[in-house]
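Working through the structure, step by step
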Amino acid sequence: MTSFHLEGTESPTTTKKQIKQFLADTSNNVFCFFPTNNLFTFVPLLLSPTIIILYITLSLHHLPIPRKNLILLSNLIPKNKNQVRNKMATAENAYTLDSVRKALNTETVQAKAGRYENPEENPFFPENLQPLLVPSYPFTKILHSGAASVNINKSLWKMYFDDLLPLFVASGDDGNYAQTAASDLSLLQAISKRVHYGKFVAEVKFRESPQDYEPLIRAKDREGLMKLLTFKSVEEMVKKRVEKKATLFGQEISLDSNDDSKEKKKFDPSVASKLYEKWVIPLTKEVQVDYLLRRLD
Ligand SMILES: C=C(O[C@@H]1C=C(C(=O)O)C=C[C@H]1O)C(=O)O
């Protein structure tokens, strides 16, 4: 027995053989491109859970997005209320529309090139996918066939725009809707990948103790399943690792040896672990439950 060290998901109940198998089958194609920082080009995502959050914090930090701030503005300047409201409506619609359009276009192109053939990938708009234009790749089948219908991207999308984004974006509106939408999509895809790894984690857990899972699945007992697959100590470890990585990767870099910038941080590392606690881990567990409920179909 050993720990499961994949993308921030560690399970004390996972066997070495299963981990090896899992790694062999899933790590090949998992790379995350960092447009914001030359230090990183391709980062093995599976080994870098915190990268997602760092990427969010660092890349969105400077992106002004017309949301709450304009509402605030409209309260502050009553004289211009209508004008600001109009501006908000226009800007916000443009922004949201751009995000959706960008996601649709990108997913359509990527689907043709086979992105969603990979069981690790889950589209945000499955209803709009186009047929494959490249030869199909024989991905090893690890998951039960019900996995294809497990997709929580709609709630992820909502969480991202309603809860997560307002925490990171700066005030104002710089009109860069297209760039913002492109960042949104790559972040959404990164988080989506991480939380949907829950399918693989759930499969491993199920194979290891079907006798524990089967009665709960048959009884459609979401709560019972959630309890059974939860390992609080593992979650604590994941959060600590996330915070540690955020501390290391979030340092300011200086060539001046007298500079005390080693101490300077681009953002508060505890925020990264809080994000995992509040969203990333709960969403991963939701995926696990959804997958398990279909496991005996
Ligand atoms: C992923 C697992 O399941 C749960 C989810 C975790 C996560 O998303 O990081 C961590 C621990 C578990 O409560 C696991 O056991 O490894």
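Our subject is the structure listed above.
A brief look at the structure comes next. Quick caveat: nothing in here was measured; it's all calculated off a predicted structure.

All right, on to the overall build of the protein chain then. Check the secondary structure of the protein chain and you find 11 helices and two strands. Put simply, the protein chain runs from its N terminus to its C terminus through helices and strands in the order α-β-β-α-α-α-α-α-α-α-α-α-α. Every one of the 297 residues in the protein chain was classed for burial, and the buried ones make up 47%. A total of about 15,500 Å² of accessible surface is found on the protein chain, and carbon and sulfur atoms cover 56% of it.

Moving on, we come to the side chain of glutamine 189. Of note, glutamine 189 is situated in helix α6 (residues 177–196). For glutamine 189, a relative accessible area of 11% puts it in the buried group. Those residues in contact with glutamine 189, other than ones at most four positions away along the chain, are Gln110, Arg115, Tyr116 and Phe124.

Here we come to the pattern of salt bridges. Counting across every chain of the model gives 12 salt bridges. Across the pair aspartate 162 and lysine 158 runs a salt bridge whose closest N-O atoms are separated by 2.7 Å. Within this pair, aspartate 162 and its partner lysine 158 are both found in helix α5 (residues 153–168), separated by four residues, close to a single helical turn. Take aspartate 162: its relative accessible area is 38%, and that puts it in the partly exposed class. Notably, a salt bridge pairs glutamate 236 with lysine 239, separated by 2.9 Å at the nearest N-O pair.

One pass over the full model with this rule turns up six aromatic pairs. Relative to tryptophan 157, the ring of phenylalanine 125 has its centre 5.5 Å away and its plane inclined at 75°; by these criteria the two rings are edge-to-face. Here tryptophan 157 lies in helix α5 and phenylalanine 125 lies in the loop between α4 (81–112) and α5, a separation of 32 residues in the sequence. Chaining the aromatic ring pairs together yields one cluster made of Phe124, Phe125, Trp157, Tyr160 and Phe161.

Okay, the packing of helix α7 (residues 198–208) against helix α8 (residues 210–218) next. Packing of α7 against α8 brings their axes to within 6 Å, and their N-to-C directions diverge by 110°. One way to sum up the angle between α7 and α8 is to call them roughly perpendicular. Where α7 approaches α8, its residues Lys205, Phe206, Arg207 and Glu208 are matched on the opposing element by Pro210, Tyr213, Glu214 and Ile217.

Turning our eyes to something else, we now look at the nonpolar core. Side chains that are nonpolar tend, in soluble globular proteins, to be buried together. Within the largest apolar cluster, 45 residues are counted, with the highest numbers of intra-cluster contacts made by Tyr160 and Leu292. Elements that contribute at least two residues to this core include exactly α5, α6, α7, α8, α9 (222–229), α10 (232–249) and α11 (269–294). In terms of residues, this core owes the most to one element, α11, which gives 11 residues.

With that out of the way, let us pick up the environment of valine 289. Within the fold, valine 289 resides in helix α11. Each C-alpha atom, one on valine 289 and one on lysine 220, is 9.8 Å from the other, the two residues being 69 residues apart in sequence. If we skip the residues at most four places from it in the chain, valine 289 touches Arg222, Leu225, Met226 and Leu229.

On to the side chain of lysine 199. Within the secondary structure, lysine 199 sits in helix α7. Within the buried set, lysine 199 has no salt-bridge partner at all; the shortest N-O distance to an opposite charge, 9.2 Å, is to aspartate 290. Among the polar contacts made by the side chain of lysine 199, one reaches the side chain of asparagine 122 at a distance of 2.9 Å. Residues in contact with lysine 199, not counting those within four places in the same chain, are Asn122, Leu143, Ala147, Val150, Val287 and Tyr291.

Here we take up the environment of phenylalanine 161. The topology assignment puts phenylalanine 161 in helix α5. Look at phenylalanine 161 and you get buried, because its relative accessible area is 7%. For phenylalanine 161 and aspartate 184, which are 23 residues apart along the polypeptide, the C-alpha to C-alpha distance reads 9.1 Å.

Criteria and thresholds
Residues numbered from 1 in each chain as written. Predicted model: local features only at pLDDT ≥ 70, side-chain atom pairs only at ≥ 80, totals over all residues. Heavy atoms only, no water. Helix = DSSP H or I, 4+ residues; strand = E, 2+ residues; numbered from the N terminus. Buried < 20%, exposed > 50% of the residue type's maximum accessible area, 1.4 Å probe, protein only. Areas by Shrake-Rupley, 256 points an atom, 1.4 Å probe, with all protein chains shown as cover. Contact = heavy atoms within 4.5 Å. Salt bridge = Lys/Arg side-chain N within 4 Å of Asp/Glu carboxyl O. Phe/Tyr/Trp six-rings, centres within 6.5 Å; stacked < 30°, edge-to-face > 60°. Axes fitted to C-alpha atoms, helices over the stretch in contact; angles between N-to-C directions. Parallel < 35°, antiparallel > 145°, perpendicular 65-115°, else oblique. Core = buried A, V, L, I, M, F, W, Y, C linked by side-chain atoms within 4.5 Å. Lys, Arg positive; Asp, Glu negative; His and termini not counted. Polar contact = N/O pair within 3.5 Å; in protein donor to acceptor, adjacent residues only side chain to side chain.

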